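# Observations on the model geometry
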Amino acid sequence: MDYKDIYHIESIAALNSTLVNQLIHNGWILLGVNQRSDLSPEGIPESHVSMILGASKNVYEKFNLENLTPKQNHSVHF
């Protein structure tokens, strides 16, 4: 898929590998990985990683976060 064909983008916490794998299995493309670090309220370093996925219009209409069943969508972290 060319970048010009991207119709929809989602950013999903890397902790939710099941959802990321479901999207990739259904035609979504991994566009990038975003990582940021900060300190918790207690001063402990924390790292947050998210996966940026994109889909063409055809793929998005067939499989997207809105049409997942509650069972499929049970561990979504945004």
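Scroll up to find the structure.
So, here's what we can say about the structure. Everything numeric here is computed off the predicted structure, so don't read it as measured data.

With that settled, consider the overall build of the protein. Check the secondary structure of the protein and you find two helices and three strands. In the protein, the succession of α and β elements from N to C terminus is β-α-β-β-α. Of all intrachain contacts in the protein linking residues separated by at least 6 positions in sequence, the fraction that spans at least 24 positions is 62%. Of the accessible surface of the protein, which amounts to about 5400 Å², a share of 54% is contributed by carbon and sulfur atoms.

Moving on: the nonpolar core. Residues Ile12, Leu19, Val20, Leu23, Trp28, Leu53, Ala55, Val59, Tyr60, Phe63, Leu65 and Leu68 constitute the largest nonpolar core, which totals twelve residues. Elements with a minimum of two residues in this core: α1 (17-25), β3 (45-55) and α2 (57-62). Residue contributions to this core peak at three residues, all from α1. Discounting residues that sit within four places of it in the chain, Leu53 has contacts with His8, Ile9, Glu10, Ile12, Val20, Leu23, Ile24, Trp28, Ile29, Leu30 and Leu31.

Thresholds, definitions, all that
The numbering scheme is per chain: residues are counted from 1 as the chain's sequence reads. At least 70 in pLDDT is required for a residue's local features to be given in this predicted model, at least 80 for side-chain atom pairs to be given and counted, and no such filter applies to totals for whole chains, interfaces and linings, which use all residues. To obtain the side-chain values, all non-hydrogen atoms of the structure were used and water was disregarded. Note on conventions: DSSP H or I runs of at least 4 residues are helices, E runs of at least 2 residues are strands, and numbering of each starts at the N terminus. Here a residue-residue contact requires only that any non-hydrogen atoms of the pair lie within 4.5 Å. The Shrake-Rupley method, run with a 1.4 Å probe, gives the accessible areas here. Residue values count only the displayed protein chains as cover. As used in this record, nonpolar core signifies buried Ala, Val, Leu, Ile, Met, Phe, Trp, Tyr and Cys residues forming a set joined through side-chain atoms within 4.5 Å. The rule is simple: take the accessible area with a 1.4 Å probe, protein chains only, and divide by the maximum for that residue type; under 20% is buried, over 50% is exposed, in between is partly exposed.

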